[in-house]
Each structure stands twice: as C-alpha cells, then as structure tokens.
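# What the coordinates show
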Amino acid sequence: MRKVIISLAPVQAGLPVDKERLVEDVARSAGAGASMCHLHCRLPDGSLTPDITEFSDTFERIAARTDLVVQASTGGVSEMTIEERCRPLDYWRVESASLNGGTTNLGEAVYINSFEDIRCCARAVYERGIIPEIEVFDIGMIYAVRMTEEQAPYRKPVLYNLVFGHKGGMQPNMDCLTAFRAAVPPDAMWGVTHYGRDNWEFLAAAAAMGASVVRIGFEDSRYLSQGVEAEWNWQVVERLAQLLRAMELEPATPAEARAILGVLPRTSRPVGGV
C-alpha cells in the first residue's frame, strides 16, 4: 500500500500563538496520522522573527511527545533578509525546510525570492544536511529552481511542494494540477498545498495522481466540512487520514516519512548547526 506523508502546518498567520494549546494540538495530530510538522519562527503575538527562541522551545516540547519530522519554514512575507529567514536552520532538530522557488504575488503582498535568495537558501540547507521542500507557486518556478542547480547542490530526489490557491498563483483546479504535475521532473517527488481550501476533492485528486506529501492545517485552511470549521488541527488531519485510507492509501509514520524523504540521521549531519 502506497504511503503518503501528511505534513501539518498548524499555525494560522496573523494570530497570536498559544504555545500550550499548539503543542497539545500537534501531539494529537501525530496520533491522528501526521508525520511531519511545519512551523515558522514566530513571536507569541504571531509576528515573524529571526529569533529562534520560541521556535526551538516549541519544537522541543513537540519532540518530547512525538517523533514527527521537524520542518522549518524559511518563508513568509516580511522585511527579513534571506539570511534572517534561514536562522531556523541552525536549530539542531530541523530535518526538512522550505526553500521558496521564486517571487510571486500573495494577494496584495509581493513575496520576494530572487535567484540569489534561492541559491543562498539551498546552500544553507545542504550545508546542514537538511532536506529542502521546494515551494513553487507557478510552473515557471520549477524551471527557475532547475536553473540554479548549476550553482547550488541539489541532492536527489528533489521534493517540490506545489502550492495552489493564493491570489496571484496557480489555482486549485484539475487543469492547473495536471499542468503543474507535468512540469515536475520525472526523477523528483512532489507534494501539494491547497491554500484557502474549501473542499477535499483537490487534495484527493493530488493524492490519486501520486503526491508523496499532502499538507494540511490552519496555516492554509480550517475547513472541515461544508459550513464547518475545525476547532483543532487534529480534526483536519484525522479527516485527511480517513480520506487516504478510503482511497487504499496509508498515512506514513514519521519513520516512513524520513525514509521517503531521505532524511539524514542527526549523527551523520555536517557540523555547523546548533
């Protein structure tokens, strides 16, 4: 039975972070089928920051209760430099990290990721033995990332996260999904994020088409069912796990997720992180 990684992105941007509630929610989400947790570096008020204190403390609490793959975000619309955005990579538990594939419009905001930003982030993740998840918001970004491979070392297989639903980016319909999927190199893995999700059909279609990773959580949508928003992230994780099993797929365990992604054991990583 094919395994699918459920990646949990549990924090909705722009809201204060209740750390105790978050840790409890993530722990229950692990029990419901999540195998990876994706967090940004945020202050308690929810704002993005280069200070990794709260970020690392949150993951320490999560690690005390789960074996989830630790994924750091190097993104988010802010005034931070790419070096500041990569600060979470210095936290020793980080096993995977987002690597943004280009500049795009996110609603009214311009999300800037230059070619040099891409190369800088790629060097930062690989120097630390971290697996990048390359976030692509339109098809051209796949080709942009492939062009940077000459200057930055990309270890195979490359993982692309195809992001749909943002105003200014690819939209969550079958035509866009089919075109986006066709642009992914045959030797790469891919996953999917549906921002602003208001149904389950699109994620189901992506899983059926071979997605290795499906992202879920309040960062993208609270939708549980028609007219109903989830109160906890574990509720949407549980629903996604049920959907995958109905399709004769199986949520990957954290150990299986590490094997699928090729995560390096911490003891064999390059020296440099803290």
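Presented here is an overview of the structure given in this document.

Reading the values: rules and limits
- The numbers attached to residues start from 1 for each chain and follow its sequence in the written order.
- Predicted model: local features are reported for residues with pLDDT of at least 70 only, side-chain atom pairs are reported and counted for 80 or more only, and whole-chain, interface and lining totals are derived from all residues.
- Hydrogen atoms and water are omitted, and side-chain values are computed over all heavy atoms in the structure.
- Each Phe, Tyr or Trp ring (for Trp, its six-membered ring) is paired with any other whose centre lies within 6.5 Å, and the angle between the two planes then decides the class: stacked below 30 degrees, edge-to-face above 60, tilted in between.
- The helix and strand labels rest on DSSP assignments: H or I over at least four residues marks a helix, E over at least two residues marks a strand, and numbering proceeds from the N terminus.
- When accessible area is computed with a 1.4 Å probe and restricted to protein chains, residues below 20% of their type maximum are described as buried, those above 50% as exposed, and intermediate ones as partly exposed.
- The angle between two axes is taken between their N-to-C directions and runs from 0 to 180 degrees, where each axis is a line fitted to C-alpha atoms and a helix contributes only its stretch in contact.
- In this scheme, roughly parallel covers angles under 35 degrees and roughly antiparallel covers those over 145, while 65 to 115 is roughly perpendicular and the rest are oblique.
- By the definition used in this description, the sense in which the near helix is turned from the far one sets the handedness, with an anticlockwise turn below a right angle giving left-handed and a clockwise turn giving right-handed.
- Residues are treated as being in contact if the distance between any of their heavy atoms lies within 4.5 Å.
- In the scheme used here, Gly and all other residues not listed as nonpolar or charged are polar, with Ala, Val, Leu, Ile, Met, Phe, Trp, Tyr, Cys and Pro taken as nonpolar and Asp, Glu, Lys and Arg as charged.
- By definition, a salt bridge exists where a carboxyl oxygen of Asp or Glu is found within 4 Å of a side-chain nitrogen of Lys or Arg.
- Two strands pair under a simple rule: DSSP has to find at least two bridges between them.
- A right-handed crossover is one whose linking path, passing over the helix from the first strand to the second, runs clockwise when the strands point away from the viewer.

## Here we look at the packing of aromatic side chains
On inspection of all chains with the given rule, the structure shows 6 aromatic pairs. A centroid spacing of 6.4 Å and a plane angle of 15 degrees characterise the contact between Phe59 and Tyr91, whose relative ring orientation is stacked. Here the residue Phe59 occupies a position in helix H2 (residues 53-63), and Tyr91 occupies one in the loop between helix H3 (82-85) and strand E4 (96-100), the gap between them amounting to 32 residues. Phe59 gets classed as buried once you look at its relative accessible area, which sits at 1%. Measuring from ring centre to ring centre gives 6.0 Å for Tyr111 and Phe137, while their planes differ by 85 degrees; the resulting arrangement is edge-to-face. Remark: Phe137 occurs in the loop between strand E7 (131-136) and helix H5 (139-148) and Tyr111 occurs in strand E6 (residues 109-111); sequence separation between them is 26 residues. Across the pair, Phe137 and Tyr111 agree in class, each one buried.

## Some remarks on the packing of helix H1 (residues 19-32) against H2
The contact between H1 and H2 brings their axes to 9 Å, and the two run at 40 degrees. Relative to H2, the element H1 is oriented oblique. In the crossing of H1 with H2, the sense of the turn from one axis to the other is right-handed. For the pair H1 and H2, contact is made by Lys19, Glu20, Leu22, Val23 and Val26 and by Glu54, Asp57, Thr58, Arg61 and Ile62, respectively. Here the contact of H1 with H2 is built from residues that sort into 4 nonpolar, 1 polar and 5 charged.

## What to know about the pattern of salt bridges
Two side chains of opposite charge can pair, provided their charged atoms sit close to one another. Summed over all chains, the structure comprises 17 salt bridges. Put simply, Asp57 and Lys19 hold a salt bridge, and the shortest N to O gap is 2.5 Å. Of the two residues, Asp57 is situated in helix H2 and Lys19 in helix H1; the sequence distance between them amounts to 38 residues. Classification of Asp57 by relative accessible area gives partly exposed; the value is 25%. Under the relative-accessibility criterion, Lys19 is labelled buried at 18%. Here Asp90 and Arg128 are joined by a salt bridge, their closest N and O atoms 2.8 Å apart. With Asp90 in the loop between H3 and E4 and Arg128 in the loop between helix H4 (115-127) and E7, the pair connects residues that are 38 residues apart, well separated along the chain. With a relative accessible area of 22%, Asp90 lands in the partly exposed category.

## Remarks on the environment of Met1
Tracing the sequence through the fold places Met1 in the segment before strand E1 (3-8). With residues up to four places along the chain from it excluded, the contact list for Met1 reads Glu248, Leu249 and Glu250.

## What to know about unusual backbone geometry
Even without a glycine there, the phi angle at Glu248 is positive, about 60 degrees. Tracing the backbone through its elements, the reader meets Glu248 in the loop between helix H8 (233-246) and strand E13 (250-251). With a relative accessible area of 63%, Glu248 lands in the exposed category.

## Remarks on the pairing of strand E8 (residues 159-164)
When you tally the buried positions in E8, you get 6 out of 6 residues, the bulk of the element. With burial as the criterion, each face of E8 is covered, one bearing Leu159, Asn161 and Val163 and the other bearing Tyr160, Leu162 and Phe164. Where E7 meets E8, 4 bridges bridge the pair, whose relative direction is parallel. From the neighbouring strand, Ile134 faces E8, where its bridge partner is Tyr160. Bridge analysis of E8 against strand E9 (residues 189-194) gives 6 bridges, and the strand direction is parallel. Note on E9: the bridge partner recorded for Tyr160 is Trp190. Following the chain from E8 across helix H6 (residues 174-183) to the adjacent parallel E9, one finds a crossover that is right-handed.

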